[in-house]
Amino acid sequence: MAKDRKLVFHIFRHNPNDPDSKPRLQDFSLEETPRMTLFTALTRIREELDPSLQFDFVCRSAICGSCAMLVNGRPRLACRTRTAELPERMTLLPLPFFRLVGDLSVDTGSWFREVGLRVESWIHTTQPFDPQAQEERMSNDQAQLIYELDRCIECGCCVAACAAAQMNSSYLGPSGLMRMARFLADPRDQRTNAAVFEVIGTEDGVFGCVGFLACDDYCPKGLPFAAQLAYLRRKMALTGLRPSQNDRRAAVAPFSAQKSH
Amino acid sequence: MMPVDAGSHSQPQPRAARISSVDSGAQWSARAKPWTALVRPARAPAFLEMALSVSGLGLAAFMVMHLGLLFSVLLGTTTMNTLAGFLERYYLLQVGVAFLLIFFVSHVFLSARKTPARFGQQLALVRHIRSLKHLDTWTWGFQIVSGVALLAVVAIHLWVVLTDLPIQADKSGARVYQLYLWFYVPFLVLAESHLSIGVYRVAVKWGLLSRRLAHPILLVWTALVLSLGAAILVTLYRVGGRL
């Protein structure tokens, strides 16, 4: 790291709840310190320069997914971005697509909840639950795959990087499709491919994906978006063309139908 | 689309029986979401998605064949004339043009589905491309622009060539030598880059190739086709110059 860098942050400021607030960029200057991350820089700005600056963080270690923002136009997690990787002057903007809470803080939670409901992000099964019985075993590879697809921290970087999402606000988004892939990989979920097609076989689902693969490039957790989106596209295309031909799963009513029985 | 309570299942639902005979998936969705009993499952998006890729690959194959036929001029004008005469005598040219038009028109309509139509979407796309500076996103913006340009350029090219049959090396050479060089140079670059980017996207979208493999393959391919196209244009220019 070059010594004695003076960093200049152009930070987006706006409070949508204040009618007098106008969106603008405000400049803050800080001396760079060793191993400084954007998170430490923002905290120092808030403590030393402007206590009204809004931004989100919880875990500071890239697990909670709260601190995603556009750093020089690209979505990143503030807590795992070192200022040493960045030029002296940088622009910090809130993630696009999501509802702005204020300054750098956006509401990703409401959107992710809605997406979770849309893909019915839980296991659909007719198996009666016996709390005394041992869990059914699954192979190690199977468990690893499910874990791999389940590592999403819902930071919203993939959605912010996705041009299809910027053009279509009802698009399920890379993370929504990844949720579906996770349940397709799960042998306990008995939904048929045709049932899955009902959810993601639309132009707001997997066929809304254009294949920019910015999700794959900007996911801070390195989830395998390219491979999974291609897998879903192939599977859903085949299901769409021959719905009854490639269903390896047993037919089962979804949760929303079961509960009224 | 939020999950909804299916309501009472005791009441018979109109046409549900017909749907349930289609397949198990439609059966549960008719129960879960009663409105699906009234509409057939929308399978069109799957078909359209595949048709877009297939029409693009078909046009790419056509262009490779086209370049391959034009390659004959490098072997001499008589070779090209014989080949063109053969294609016309056995109606292969006419069949080729019909094939091209069908694929071309369907490709235009199928890709228009993906293209942002409203100004707000276009603005969002341009801002996004400029902010993100991401290669694969940028190339898609280029696909839209080059696609629209090709719509005009291909129409002109087809009109000029097909209203002046039979195809002969001397006529093509004269065209390139006189006016059309500055038409064909950008045409070649536009068509080839549109093709390469399109084939690349088909490959990564459907998972036929990993991106690490697709990048170098497509680069080599593009260089090859561009140099072949340039060689053909230079030869035709010389043929035209000799007249």
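Residues numbered from 1 in each chain as written. Chains lettered and ligands numbered in written order. Predicted model: local features only at pLDDT ≥ 70, side-chain atom pairs only at ≥ 80, totals over all residues.

Moving on to the overall build of chain A. The helix and strand inventory of chain A stands at 10 helices and 7 strands. Its C-alpha atoms give chain A principal-axis dimensions of roughly 65 × 40 × 35 Å. Residue burial in chain A is summarised as follows: out of 261 residues, 41% are buried. Within chain A, contacts between residues separated by at least 24 positions form 67% of all contacts whose residues are at least 6 apart in sequence. (Helix = DSSP H or I, 4+ residues; strand = E, 2+ residues; numbered from the N terminus. Buried ≥ 20, exposed ≤ 12 C-beta atoms within 10 Å, placed from the backbone. Contact = placed C-beta atoms within 7 Å.)

Along chain B, the regular secondary structure elements total 9 helices and 0 strands. The N-to-C order of helical and strand elements in chain B reads α-α-α-α-α-α-α-α-α. Considering chain B as a whole, with its 243 residues, one finds that 26% of them fall into the buried category.

Time to look at the pairing of strand β5 (residues 89-93) of chain A. Residues and elements named next belong to chain A. With 4 bridges connecting them, strand β1 (residues 6-13) and β5 associate as parallel partners. Counted as the bridge partner of His10 is Thr91 from β5. Across 2 bridges, strand β3 (residues 68-71) lies against β5 in antiparallel orientation. The residue bridging Val71 from the neighbouring strand is Leu92, located in β5. (Pairing = 2+ DSSP bridges.)

A few words on the domain arrangement of chain A. Residue and element names in this part refer to chain A. Split into domains, chain A comes out as domain 1 (6-106) and domain 2 (108-258). Relative placement of domain 1 and domain 2: their C-alpha centres are 31 Å apart. Counting residues at the interface gives 17 residues for domain 1, matched by 15 residues for domain 2. Counting residues per element, the ones that place at least two in the side of domain 1 that touches domain 2 are β3 and β4 (74-77). Broken down by class, the residue content of the side of domain 1 that touches domain 2 amounts to 12 nonpolar, 1 polar and 4 charged. (Domains from an automatic or database assignment. Nonpolar A, V, L, I, M, F, W, Y, C, P; charged D, E, K, R; others polar.)

Residue and element names in this part refer to chain B. Residues with a pLDDT of 70 or more make up 83% of chain B, whose mean pLDDT is 80. Here helix α1 (residues 16-20) is the element of chain B with the lowest mean pLDDT, 38, and helix α6 (residues 119-132) is the one with the highest, 92. Low confidence marks residues 1-30, where pLDDT is under 50. Its contacts with residues over four positions away, or in another chain, come to 63 contacts. Taken over the whole predicted complex, pTM reads 0.82, whereas the ipTM for its chain interfaces reads 0.83. (pLDDT = per-residue confidence, 0-100.)

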